[in-house]
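Below, each chain spelled out in residue letters.
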Amino acid sequence: MTRPTIKFRSLRVTPEFRDFVLGQLAPLPQLWSKAMFGGIGLYSGECFFGIVAADELFFKVDLSNRAAYEAAGSEPFRPVAARPVTMSYWRVPIEVLEDTGELAAWALAAIRAAGNAASKPTARVKRKATPKPRPKPKPKPKPKAQSRPQPKRHKRVARKKR
């Protein structure tokens, strides 16, 4: 069996775009970045809130800030071009990226969204343990017809002690 060929999109970021984004986000508290799969992960303290991939900036989105991204015509981050799998990170509009004040507001909303996601307990469905089917008991074999008579058993006779 052969696997289908998957076309991964390149997530590489040019040094110029990386420096521009980090410069624009410099006012954020405890900002740091980490190389990830050719792209860059953005953190504020321990909170992972953004991705820089393929010279585009993506921020964490939840119900509290998704409407702004949809209104701006943004799309979710898709790491594999051929698959419809999306993540909860959406592309930051270029107008927002170029305005430091507006970008800081969107970044803070993304940090809150990431914090909300981290504080939510993951919903795990508890499954009932399915008992293994028990094998059917084998029927007891019927006694075979005896071809020769069984020897008679003798009663023990108690001996008198001398």
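Residues numbered from 1 in each chain as written. Predicted model: local features only at pLDDT ≥ 70, side-chain atom pairs only at ≥ 80, totals over all residues. Heavy atoms only, no water.

Visitor: I tried to follow the pairing of strand β1 (residues 31-36) on my own but got confused; where do I start?
Guide: Side-chain direction in a regular strand flips from residue to residue, so the side chains alternate between the two faces of the sheet. Judged from the six bridges that link them, β1 and strand β2 (residues 39-44) form a sheet pairing that is antiparallel. Of the residues in β2, the one forming a bridge with Ser-33 is Leu-42. The turn linking β1 back onto β2 is made up of two residues, and Phe-37 within it adopts a positive phi angle of 50°. (Pairing = 2+ DSSP bridges. Helix = DSSP H or I, 4+ residues; strand = E, 2+ residues; numbered from the N terminus.)

Visitor: Any chance you could explain the packing of aromatic side chains here in plain terms?
Guide: Each aromatic ring pair is characterised by the separation of its centres together with the angle its planes make. Tallying each qualifying case throughout the model produces six aromatic pairs. Taking the centre distance of 4.1 Å and the plane angle of 10° together, the rings of Trp-32 and Tyr-43 count as stacked. Here the residue Trp-32 occupies a position in strand β1, and Tyr-43 occupies one in strand β2, the gap between them amounting to eleven residues. Under the relative-accessibility criterion, Trp-32 is labelled partly exposed at 35%. Judged by relative accessible area, which is 13%, Tyr-43 ranks as buried. Each residue in the set Trp-32, Tyr-43, Phe-48 and Tyr-89 is aromatic and connected to the rest through ring pairs, giving one cluster. (Phe/Tyr/Trp six-rings, centres within 6.5 Å; stacked < 30°, edge-to-face > 60°. Buried < 20%, exposed > 50% of the residue type's maximum accessible area, 1.4 Å probe, protein only.)

Visitor: Can you walk me through the pattern of salt bridges in this structure?
Guide: Pairing between side chains becomes possible if they bear opposite charge and their charged atoms approach one another. This structure, assessed with the given rule, holds three salt bridges. Of the charged contacts in the structure, one is a salt bridge between Asp-19 and Arg-18, with a shortest N-O distance of 3.3 Å. Accessibility expressed as a relative area gives 45% for Asp-19, which makes it partly exposed. A salt bridge links Arg-91 to Glu-56, with the shortest nitrogen-to-oxygen separation between them at 2.8 Å. Separated by 35 residues along the polypeptide, Arg-91 in strand β5 (residues 89-91) and Glu-56 in strand β4 (residues 56-60) bring together distant segments of the chain. Here Glu-56 falls in the partly exposed class, since its relative accessible area comes to 22%. (Salt bridge = Lys/Arg side-chain N within 4 Å of Asp/Glu carboxyl O.)

Visitor: Even after reading the chapter, I still don't get the sheet that holds β1, so can you show me in this structure?
Guide: Two modes of strand pairing occur in sheets, parallel and antiparallel, and in both the strands are linked by backbone hydrogen bonds. Spatial strand order, β1-β2-β3-β4-β5: five strands in an open sheet with antiparallel pairing. Every interior strand has two partners, whereas the edge strands, β1 and β5, have only one. Adjacent strand axes in the sheet meet at a mean angle of 30°, parallel and antiparallel pairs treated alike. As defined by bridge partners, strand β3 (residues 47-53) adjoins β4 across four bridges and the pair is classed as antiparallel. Residue Ala-53 lies in a different strand from β4, and its bridge partner there is Glu-56. (Axes fitted to C-alpha atoms, helices over the stretch in contact; angles between N-to-C directions.)

Visitor: Quick question: what am I supposed to make of the environment of Phe-17 here?
Guide: In this structure, Phe-17 sits in helix α1 (residues 15-24). Taking relative accessible area as the criterion, Phe-17 reaches 14% and is therefore assigned buried. Between the C-alpha atoms of Phe-17 and Ala-53, which are 36 residues apart in sequence, the distance is 9.9 Å. Contacts of Phe-17, omitting those with residues within four sequence positions, involve Val-52, Asp-55, Glu-56, Leu-57 and Leu-97. (Contact = heavy atoms within 4.5 Å.)

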